[in-house]
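Descriptive analysis of the structure
Now for the letters of each chain:
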Amino acid sequence: MLTHPTLDQMHQLGLAGMARAFAELEANPQSADLAHTEWLGLLLDREVTERYERRLRARLRYARLRHQASVEDVDYRAARGLDRSLFQSMIGGRWIDEAQNLIIEGPAGVGKSWLACALGQKACRDNRSVLYQRIPRLFADLALARGDGRYPRLMRALGGVKLLILDDWGLEPLGPEQRHDMLEIIEDRYGRGATLITSQMPVDRWHDLIGEPTLADAILDRIVHNAHRLQLKGDSLRKQRVLRTAAT
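Below you will find a few notes about this structure. (Residues numbered from 1 in each chain as written. Predicted model: local features only at pLDDT ≥ 70, side-chain atom pairs only at ≥ 80, totals over all residues. Heavy atoms only, no water.)

What to know about the overall build of the protein
Of regular secondary structure, the protein possesses 12 helices and five strands. Across the 248 residues in the protein, those meeting the buried criterion constitute 44%. By sequence separation, contacts in the protein at least 24 residues apart represent 79% of the contacts at least 6 residues apart. Summed over all atoms, the accessible surface of the protein reaches about 13800 Å², with 52% contributed by carbon and sulfur. (Helix = DSSP H or I, 4+ residues; strand = E, 2+ residues; numbered from the N terminus. Buried < 20%, exposed > 50% of the residue type's maximum accessible area, 1.4 Å probe, protein only. Contact = heavy atoms within 4.5 Å. Areas by Shrake-Rupley, 256 points an atom, 1.4 Å probe, with all protein chains shown as cover.)

What about the packing of helix 8 (residues 151-160) against helix 9 (residues 176-189)?
Relative orientation of the contacting elements helix 8 and helix 9 amounts to 45 degrees, with a least axis distance of 8 Å. Considering their axes alone, helix 8 and helix 9 lie oblique with respect to each other. For the pair helix 8 and helix 9, the sense of crossing is right-handed. On helix 9, the residues that touch Tyr 151, Met 155, Leu 158, Gly 159 and Gly 160 of helix 8 are His 180, Asp 181, Glu 184, Ile 185, Asp 188 and Arg 189. Counted by class, the contact of helix 8 with helix 9 contains four nonpolar, three polar and four charged residues. (Axes fitted to C-alpha atoms, helices over the stretch in contact; angles between N-to-C directions. Parallel < 35°, antiparallel > 145°, perpendicular 65-115°, else oblique. Left-handed = near helix turned anticlockwise from the far one by under 90°. Nonpolar A, V, L, I, M, F, W, Y, C, P; charged D, E, K, R; others polar.)

Quick notes on empty space enclosed by the protein
Counted by the stated rule, this structure contains two cavities of 30 Å³ or more. Of the pockets and cavities examined, the largest cavity occupies roughly 60 Å³. Together, Ala 99, Asn 101, Ile 186, Arg 189, Tyr 190, Gly 191, Gly 193, Thr 195, Arg 222 and Asn 226 line the largest cavity. Grouping the amino acids of the lining of the largest cavity by side-chain chemistry returns three nonpolar, five polar and two charged. Lining the second largest cavity are Met 90, Ile 91, Gly 93, Ile 96, Leu 119, Lys 122, Ala 123, Asp 126 and Arg 128. Counting only elements with at least two residues in the lining of the second largest cavity, the list comes to helix 4 (84-92) and helix 6 (112-125). (1 Å grid on protein atoms, 1.4 Å probe; cavity = no way out; pocket = protein on both sides within 12 Å on 5 of 7 lines; lining within 4 Å. Points joined across faces, edges and corners; volume = space filled by probe spheres on them.)

With respect to a positive patch on the surface
Together, Arg 54, Arg 55, Arg 57 and Arg 61 make up a positively charged patch on the protein surface. The exposure class of Arg 55 is partly exposed, given its relative accessible area of 42%. (Patch = residues over 30% accessible without salt bridge, like charges linked within 9 Å, V, L, I, M, F, W, Y side chains within 5 Å. Salt bridge = Lys/Arg side-chain N within 4 Å of Asp/Glu carboxyl O. Lys, Arg positive; Asp, Glu negative; His and termini not counted. Charge placed at Lys NZ, Arg CZ, Asp CG, Glu CD.)

Some points on the packing of aromatic side chains
Summed over all chains, the structure comprises two aromatic pairs. Between the aromatic rings of Tyr 76 and Phe 87, the centroid separation amounts to 6.4 Å while the plane-to-plane angle is 70 degrees, which identifies the pairing as edge-to-face. Of the two residues, Tyr 76 is situated in the loop between helix 3 (36-63) and helix 4 and Phe 87 in helix 4; the sequence distance between them amounts to 11 residues. Relative accessible area serves as the criterion here: at 0%, Phe 87 is assigned to the buried category. Between Trp 169 and Trp 206, the ring centres sit 5.7 Å apart and the planes meet at 70 degrees, which makes this aromatic pair edge-to-face. Highlighted residues: Trp 169 in strand 3 (residues 163-169) and Trp 206 in helix 10 (residues 206-210), separated in sequence by 37 residues. This pair shows no difference in class: Trp 169 is buried, exactly as Trp 206 is. One residue, Arg 84, lies across the ring of Tyr 76, its end atom 4.3 Å from the ring centre. (Phe/Tyr/Trp six-rings, centres within 6.5 Å; stacked < 30°, edge-to-face > 60°. Lys NZ or Arg CZ within 6 Å of the ring centre and 35° of its normal.)

See below:
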């Protein structure tokens, strides 16, 4: 293995990317033709790239996105009524920085969760913190957390990220604890972080879904009034893929 005082110093300073680039350049005879500024530029580029990639891997691990989706792979040709202009403006992420919300609604199978995860992955790439949660599992986790002392820590995690993705909202009516949890989550994030919600239920039915009118008014006021809305339609894309496969 190559040893060099400069290489040792780079490792001591935690400059692993620069150290690897330095070792590669030292082993490459053609690098002798490079000027000192070019050498330095290559070392710095490698360090910046590797630090970014480490941070990105950490953000993606924390986000726990349901799908390995990216905005570059979105199929705008699919017949689901996706507003391309609005979605592409969402890709830019300004709405996240301004702590606005996004609602993606539509029937089962049209790709709501996939699109949400694609936006989440892009937010991670743009150095924003993200956390994905399926609503049914989240409420179950919060119920358990009340009993084992994790409730405050879990609520801080939900409130602390730049983008919180709440998937599968509205699969069943909320109970008293769930209404309280939802209000606390939304209240804590209001004006501080962006929330992306996917739902099969149209927004105009959310009030009845929440159940208690006063809490429903409070929750929806904080979610809907500053929310962008992507309204999808059409047949299940999963069903269409199965039919195409069967036909081949």
